[in-house]
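Survey of secondary and tertiary structure
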Amino acid sequence: MDKGTAKVVREYVTRVVTSVQGMKTLVLDHETTAIVSMVMTQSQILQHEVFLIDTLHAPHADRMPHLKAVYYVRPTAENVKRICDALHDPRYGEYHIFLTNIASEKAINALAEADHHEVIQQVQEMYGDYLAINPELFSLGVPTVAGLRGSNHDQAVFDRVVQGVLAALLSFKTKPAIRYQANSSACEKVAQKVAGTIEHEGELFAFRARDVPPLLLVVDRREDAVSPLLNQWTYQSMVHELMGINNSRVDMSGSPGVKPELKEVVLSVDSDPFYAQNMFLNFGDLGANVKALVDEYQAKTHSQRKIDSIADMQAFVENYPEFRKMSGTVSKHVALMSELSRIVDARALMEVSQVEQELACTEDHSSAVQEVESLLANRAVTPDDKLRLVLLYALRYEQSETSALHRFVDALGACGVPAERLRLIPALLEQCGARARSGDLFLNKSFFAVAKKQLQRGIKGVQNVYTQHQPYLAQTLEALAKNKLPEAHYPYVSAFPQLPAPNRGRPPQEVIVFVVGGATYEEAMLVHHFNEQQKQLAAGGASASTGTLSATVGVPLRVVLGGTTVLNSTAFLADLAGGKLGATLGTRRDSVGGAAQSALGAALGAGAGGSSSSAFDPRRLAQLAAAPIASVLGTTSTTSKTL
């Protein structure tokens, strides 16, 4: 688990393409194309004697017996059938088949029976069967799990979820104790099936036993519906919420005035150091760092213009690749900041987000009613943003005797929100309301929870009104670290002897939290900060609070977060509606019309002496001069090409 998800999957892909010597074709299916593209660029793959990259679903072409076919595909029935069809009339001289998950005996037999020409050289399992997004975050790319709710049972979705969790365990070489959220039938089914497969495939999970076994914790998105409904103000989360990140790609084709080479940009932790260093920063600090990046680029541009000798020419040629790469990095991040700022200004998201945070973090009903009513009457606020405000209000004040929910629903109808969208409000309360939850989402169920929340706010203060909210996962991780996660709410799977016995006397040191229904980038940031804090504790002594969790935690542990998908509010509401809204992950939520646009209304938030400040206000941000930026940026983006 210490390697990080991308490194683990990259090692699998590298083993696949290097284990077969000579010229070869790499054959991928739709899902493994996305999996591979998240961890390796096309140029990196071609360095390993890969002559051609093909897809399993492509029509048959000319024979190429001089090439070896290297298949890296999921072991689904459809994929196995397509491989068998190809084997009846083989195009390639050899076939090397690598499956990304546990293959059934039926699948292996089918391949053997189809190999009439004896061209299969090997069949292996390589467990890179998930999308590696951040070092501590992976996704299965399953946009909706509505088929696993209630009496529904979508076998294909269920199998994909179970297989993805098993692949994560095998790739991390982990045989865990398993706990699940007790009030979620979907979590229980997934946990039981994973445990049953570990029992059945005992040899695959014959890893070294540990005094304190790792833990797989399966939780339900429905326990915290607030996190995916909020606007976000850190870079990665903000881009996903307002523009959409789909397999590390951001579609900017709808952005006004965008250059052709920037209509789709790649945000990759591995290939973009600036993104890796800044993805968890708030919008204000990010703006300051983008400004510094532009200044650095301008300085290098000026220095490159002076070529008075052969030595200067040689230095220019040697530095040119790095120079072009930096040009692409600057172009990309300036364009993203410009578009984010445009959307924020046009949709009045500062006002909207402040009320969202108050609804999520503060118990003040009379003030909440006034603020929500004011925004519902604001024509600059889009109908979708108004709907999310009412959804948050409904969750927070569901049991209030003086609820204004009916009045708000009428106001939404008057704003043009269609009836099918209004039905999301009762659906949210039914699936994610107080009666459906077991935890204290708003920290208001007991006097002690309220007192603790107020005490923490008083001690830590609120550095940023727009990032007050902490996901419910913070409570879960803190309880795990203190070995106080209640078994009544999160029981162990105990009916399988092959599973390691839980050590109830000590907290786990390695935890995989898997969210049925999808994780969020806000939760990924929480996990990152939690792990960093744990490293500081392990290094010795107390550490300063990260602002994410208190420093009074127990034995240091490391967490990896996984989910059926990575949500933004659009994707969450689509899943809530049973996938019937036509929304997909990464759908852009931009309906700003002809609202005012700023060249780069990014929040620099510079404090005294020019240092960045955590508290920021985009209205007070310094404007980067558009003309100087345009004059120094090249017209060619050098973003790494991926599959």
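Calculation rules
- Within each chain, residue numbers correspond to sequence positions counted from 1 in written order.
- Selection of residues for local features in this predicted model requires a pLDDT of at least 70, selection of side-chain atom pairs for listing and counting requires 80 or more, and totals for whole chains, interfaces and linings are taken over all residues.
- The basis for every side-chain value is the complete set of non-hydrogen atoms in the structure, without hydrogens or water.
- Put simply, DSSP marks the helices as runs of H or I at least four residues long and the strands as runs of E at least two long, and each gets a number from the N terminus on.
- Burial classification: accessible surface area is computed with a 1.4 Å probe over protein chains only, and a residue below 20% of its type maximum counts as buried, one above 50% as exposed, and the rest as partly exposed.
- We call two residues in contact when some of their heavy atoms are within 4.5 Å.
- Each accessible area value is a Shrake-Rupley result obtained with a 1.4 Å probe; residue values ignore everything except the protein chains displayed when judging cover.
- We call two strands paired when DSSP finds no fewer than two bridges between them.
- Put simply, the grid is 1 Å and covers the protein atoms alone, a cavity is a trapped set of points that fit a 1.4 Å probe, a pocket is an open set with protein on both sides within 12 Å along at least five of seven lines, and lining residues have an atom within 4 Å of a point.
- Grid points are joined across faces, edges and corners, and a volume is the space filled by probe spheres set on the points.
- Gly is placed with the polar residues, together with every amino acid not listed as nonpolar (Ala, Val, Leu, Ile, Met, Phe, Trp, Tyr, Cys and Pro) or charged (Asp, Glu, Lys and Arg).
- In these notes, a set of buried Ala, Val, Leu, Ile, Met, Phe, Trp, Tyr and Cys residues joined through side-chain atoms within 4.5 Å is what counts as a nonpolar core.
- Whenever a carboxyl oxygen of Asp or Glu lies within 4 Å of a side-chain nitrogen of Lys or Arg, that contact is scored as a salt bridge.
- Axes here refer to lines fitted to C-alpha atoms; in helices the fit is confined to the stretch in contact. Angles between the N-to-C directions go from 0 to 180 degrees.
- Here roughly perpendicular refers to angles of 65 to 115 degrees, roughly parallel to angles under 35, roughly antiparallel to angles over 145, and oblique to all remaining angles.

If you look the chain up in an unreviewed UniProt entry, it shows as Vacuolar protein sorting-associated protein 45 from Diacronema lutheri.

Notes on the overall build of the chain
Of regular secondary structure, the chain possesses 22 helices and 16 strands. Counting the 643 residues in the chain, one finds 53% classified as buried. Sequence separation of at least 24 residues holds for 80% of the intrachain contacts in the chain that already meet a minimum separation of 6. Summing over all exposed atoms, the chain offers an accessible surface of approximately 27300 Å²; the carbon and sulfur share of this is 52%.

Re the pairing of strand β13 (residues 510–516)
Counting buried positions along β13 yields seven of seven residues, so the element is predominantly enclosed. Both strand β9 (residues 215–220) and β13 contribute to a ladder of six bridges, which runs parallel. Residue pairing across strands places L216 opposite I512, the latter belonging to β13. Pairing analysis gives six bridges linking β13 to strand β15 (residues 558–563), with the strands arranged parallel. The residue bridging V511 from the neighbouring strand is V559, located in β15.

Thoughts on empty space enclosed by the protein
Following the criterion strictly, the structure yields five cavities of 30 Å³ or more and no others. Considering only enclosed or pocket space, the largest cavity measures out at about 130 Å³ in volume. As for the largest cavity, its lining consists of 13 residues, and the residues nearest its centre are V219, D220, Y472, L473 and E523. Here the residues of the lining of the largest cavity are counted per class, giving six nonpolar, two polar and five charged.

Here's the deal with the nonpolar core
Y72 and V194 are the most contacted members of the largest nonpolar core, which has 172 residues in total. Of the residues forming this core, the biggest block, ten residues, is contributed by helix α6 (residues 155–171).

Observations concerning the pattern of salt bridges
Overall, the coordinates contain 29 salt bridges when judged by the stated rule. Close ionic contact of R74 with E31 constitutes a salt bridge, the shortest N to O distance being 3.6 Å. Note that R74 is positioned in the loop between β3 (64–73) and α4 (77–88) and E31 in helix α2 (residues 30–37), a separation of 43 residues in sequence. Under the relative-accessibility criterion, R74 is labelled buried at 3%. Of the charged contacts in the structure, one is a salt bridge between K81 and D85, with a shortest N-O distance of 3.3 Å. Of this pair, K81 and D85 both sit in helix α4, four residues apart, roughly one helical turn. Residue class for D85 comes out partly exposed when judged on its relative accessible area of 35%. Each of the salt bridges in this network shares a partner with another, and the network as a whole consists of E31, R74, D129 and R160.

Points about the packing of helix α13 (residues 365–376) against helix α15 (residues 405–414)
Their axes nearest at 10 Å, the elements α13 and α15 cross at an angle of 10°. Considered as vectors, α13 and α15 are oriented roughly parallel to each other. Listed contacts from α15 to V369, V372, E373 and L376 of α13 are R407, F408, A411 and L412.

Examining the sheet that holds strand β4 (residues 92–99)
The strand order across the open sheet built from five strands is β2-β1-β3-β4-β5, with neighbouring strands paired in parallel fashion. Two strands close off the open sheet at either side, each with one partner strand: β2 (50–55) and β5 (120–125). Recorded for the sheet is a direction-independent mean angle of 20° between the axes of neighbouring strands. With five bridges joining them, strand β1 (residues 24–28) and β2 adopt parallel strand pairing. By the bridge assignment for β2, L26 is matched with I53. Running over the sheet, α2 touches β1 and β3 and is turned about 110° from β1. Of the strands in this sheet, β3, β4 and β5 are in contact with α4, which crosses β3 at around 170°.

Topic: the environment of F514
Among the structural elements, F514 can be located in strand β13. Through-space distance from the C-alpha of F514 to that of V560 is 8.5 Å; in sequence the pair is 46 residues apart. Setting aside residues no more than four positions away along its own chain, F514 makes contact with F138, L140, V161, V165, L216, L217, V218, V219, G562, G563 and T564.

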